[in-house]
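Structure assessment
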Number of protein chains: 2
Amino acid sequence: MSPRPSLTETRRTEILAATSATIADRGLCETRIADIADHIGASPALILYYFPSKAALLTEALVYQDQVFHDAVKGELDRAGSAAAKLAILIEASCPKASRGDGEPDGWVLWPAAWEMSRHDPTLAAARARLDESWRNQISAVVEEGIADGEFDDIDSSDFAIQLAALLDGLAIEVMLRDPTVDAARMRTLAIAFVEMALNTRV
Amino acid sequence: MSPRPSLTETRRTEILAATSATIADRGLCETRIADIADHIGASPALILYYFPSKAALLTEALVYQDQVFHDAVKGELDRAGSAAAKLAILIEASCPKASRGDGEPDGWVLWPAAWEMSRHDPTLAAARARLDESWRNQISAVVEEGIADGEFDDIDSSDFAIQLAALLDGLAIEVMLRDPTVDAARMRTLAIAFVEMALNTRV
DNA sequence: CCCTACCCTGAATGGTCGTTCAATTAGCGA
DNA sequence: TCGCTAATTGAACGACCATTCAGGGTAGGG
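None of the values given here were measured: they were computed from a predicted structure.

Reading the values: rules and limits
Residues numbered from 1 in each chain as written. Chains lettered and ligands numbered in written order. Predicted model: local features only at pLDDT ≥ 70, side-chain atom pairs only at ≥ 80, totals over all residues. Heavy atoms only, no water. Helix = DSSP H or I, 4+ residues; strand = E, 2+ residues; numbered from the N terminus. Buried < 20%, exposed > 50% of the residue type's maximum accessible area, 1.4 Å probe, protein only. Contact = heavy atoms within 4.5 Å. Areas by Shrake-Rupley, 256 points an atom, 1.4 Å probe, with all protein chains shown as cover. Lys, Arg positive; Asp, Glu negative; His and termini not counted. Charge placed at Lys NZ, Arg CZ, Asp CG, Glu CD. Phe/Tyr/Trp six-rings, centres within 6.5 Å; stacked < 30°, edge-to-face > 60°. Salt bridge = Lys/Arg side-chain N within 4 Å of Asp/Glu carboxyl O. Polar contact = N/O pair within 3.5 Å; in protein donor to acceptor, adjacent residues only side chain to side chain. Nonpolar A, V, L, I, M, F, W, Y, C, P; charged D, E, K, R; others polar. Near = heavy atom within 4 Å. Patch = residues over 30% accessible without salt bridge, like charges linked within 9 Å, V, L, I, M, F, W, Y side chains within 5 Å.

Of regular secondary structure, chain A possesses 9 helices and 0 strands. Starting at the N terminus and ending at the C terminus, chain A contains elements arranged as α-α-α-α-α-α-α-α-α. C-alpha extents for chain A along the principal axes are approximately 60 × 45 × 35 Å. A buried classification covers 52% of the 203 residues belonging to chain A. Sequence separation of 24 or more characterises 63% of the internal contacts of chain A that already satisfy a separation of 6 or more. As presented, chain A carries roughly 9,100 Å² of accessible surface, and 53% of it is formed by carbon and sulfur atoms. Of the charged side chains in chain A, 19 are positive and 32 negative; the average position of the first set lies 6 Å away from that of the second.

Attention now goes to the packing of aromatic side chains. Inspection of the entire model under this criterion finds 12 aromatic pairs over all chains. Judged by centre distance (6.0 Å) and plane angle (35 degrees), the rings of W111(B) and W115(B) are tilted. Of this pair, W111(B) and W115(B) are both found in helix α6 (residues 110–118), 4 residues apart, which corresponds to roughly one turn of the helix. Residue W111(B) is classed as buried on the basis of its relative accessible area, which comes to 10%. Of the residues examined, W115(B) reaches a relative accessible area of 2% and is grouped as buried. Ring geometry for F160(B) against F194(B): centres 5.6 Å apart, planes inclined by 5 degrees, an arrangement best described as stacked. Separated by 34 residues along the polypeptide, F160(B) in helix α8 (residues 157–176) and F194(B) in helix α9 (residues 184–199) bring together distant segments of the chain. Judged by relative accessible area, F194(B) falls into the buried class, the value being 2%. Aromatic rings pair up to connect W108(A), W111(A), W115(A), W108(B), W111(B) and W115(B) into one cluster.

Let us now look at the interface of chain A and chain B. Many analyses report the size of an interface as the accessible area lost when the parts associate. Listed as interface residues are 41 residues of chain A and, on the opposing side, 41 residues of chain B. The interface formed by chain A and chain B holds 10 salt bridges in total. Its salt-bridge partner being R186(A), residue D159(B) comes within 2.7 Å of it at the nearest N-O pair. Our count for the chain A to chain B interface comes out at 22 residue pairs in polar contact (both at pLDDT 80 or more). For the side of chain A that touches chain B, the secondary-structure elements that each account for two or more residues are α1 (7–26), α6 (110–118), α7 (122–148), α8 (157–176) and α9 (184–199) of chain A. Here the element with the most residues in the side of chain A that touches chain B is α8(A); it accounts for 11 residues. Classifying every residue of the side of chain A that touches chain B by side-chain character gives 21 nonpolar, 7 polar and 13 charged.

Among the 9 residues that make up α6(A), 9 are buried, leaving the element largely enclosed by the rest of the structure. Within α6(A), the full set of buried residues consists of L110(A), W111(A), P112(A), A113(A), A114(A), W115(A), E116(A), M117(A) and S118(A).

What follows covers the protein's contact with DNA strand C. For DNA strand C, the set of nearby residues contains 14 residues, the closest of which are R32(A), I33(A), K54(A), R11(B) and Y50(B). Within the side chain of R32(A), a nitrogen or oxygen atom sits 2.8 Å from a phosphate oxygen of DNA strand C. Between I33(A) and DNA strand C, the recorded distance is 3.0 Å, taken from a backbone N or O atom to a phosphate oxygen. Listed by contribution, the elements that provide at least two residues to the surface near DNA strand C are α3 (44–50) of chain A together with α1 (7–26) and α3 (44–50) of chain B. Broken down by element, the residue count for the surface near DNA strand C peaks at 4 residues, all from α3(B). The residue inventory of the surface near DNA strand C, partitioned by class, reads 8 nonpolar, 3 polar and 3 charged.

The grouping of E144(A), D153(A), D154(A) and D156(A) at the surface amounts to a negative patch. Note on placement: D154(A) falls in the loop between α7 and α8.

We now examine the protein's contact with DNA strand D. With respect to spatial proximity, 14 residues lie near DNA strand D, and among them R11(A), Y49(A), Y50(A), R32(B) and K54(B) are the closest. Counting only the atoms of DNA strand D that lie within 4 Å of the protein, the sugar and phosphate share comes to 74%. Between DNA strand D and I33(B), the relevant distance is 3.2 Å, taken from a phosphate oxygen to a main-chain nitrogen or oxygen of the residue. K54(B) is positioned with one of its backbone polar atoms (N or O) 2.8 Å from a phosphate oxygen of DNA strand D.

Residue and element names in this part refer to chain A. With respect to the secondary-structure elements, T201 resides in the segment after α9. Here T201 falls in the buried class, since its relative accessible area comes to 13%. At a separation of 3.5 Å, a polar atom in the side chain of T201 contacts the main-chain carbonyl oxygen of E151. Apart from residues no more than four positions distant in its own chain, T201 is found in contact with E151, F152, V195 and E196.

Right under this line is the structure:
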């Protein structure tokens, strides 16, 4: 809300990012406040200075990471041309990247944690439902655009959006868990094949 | 190994089932040994009498539940006629059932927990990969059968298996999390639509 | 009716955190 | 430079919980 983020806001997002990283690294159940504090070189007490409790922090961190992912994709989408190109971007964004030793861990590993927590955390559940809906709407919009341009066959864009979103989730799980038969390349191929079949187009 | 299950074996599976139920009910992180013990009306010490540690118990319980699910589907498949009917069974088995107040909770809610744990538990990861492979192989086999019978178009059954398995996983996640736009009925419809489109058949 | 092996438990134990708080430091406007 | 507020922390507290263990029940064989 404030024009420039206060130090408080900066610190809060820093902690949220550290929390996401720690969950990604150690797993949801093994994440301790001390681990998060270590990650930013601060004391455990500082974490509780910015957040009311560990539970609230975990919830906010997963909501935050979710939002970051969606915002990133939305940004990329605007830079694309044809509807087909936009679908390619959506697919690419859904592929878990091989975790690199260097920077941030891939946000994908947080999804199972978010799903697991959503079952008992109404706040997180609501955020997840909202962002998933928005994600499907983005797919629908691209499809409608392609249909209007004559790029795609005239199909039900809502049904397609649910199918593609589900397909990408399911494939991404396998890739993330390093299933030997489904790597990122195979995921890309199979997702594109589905799109081409459903929309009768080339991606 | 022993011809008739010893009391020990009975007790062990009873505890594994109780553990699954507790994880389903309270969530992975909130599952305590005392909760599991309560579930079967025993003391916490008994749990550790049959399992070396809580971590080992959680791993075994998730592997067990996984196995139970796959065995159940395999059993149902054998009672089906046409390849199309078998696909319908696979789809139906993948739909999370609305949790009933009465009996067992639906096993689907354990998947996110299994995925989350797999990331750090090699035993569970291996079991999961093996059973997923077997699940896809079942799909492939049905498709091959349908192709041989002329029921289905001649497509790559491995690719199809990965796609259908992923689609079902992704849809099931939404259903399980009670997403307002994807309930079990919608899931069924969309999965069947995919199958019909890909195989050029009626289910 | 004892004996023995197996089940099972109640009651400690020990450690691990989340959380609190009083005290210290750093920033900054006057 | 002096205060005032916000940021930060070390240390302590207390709860919770996995795990251990010494012993009590119990069933079945001798």
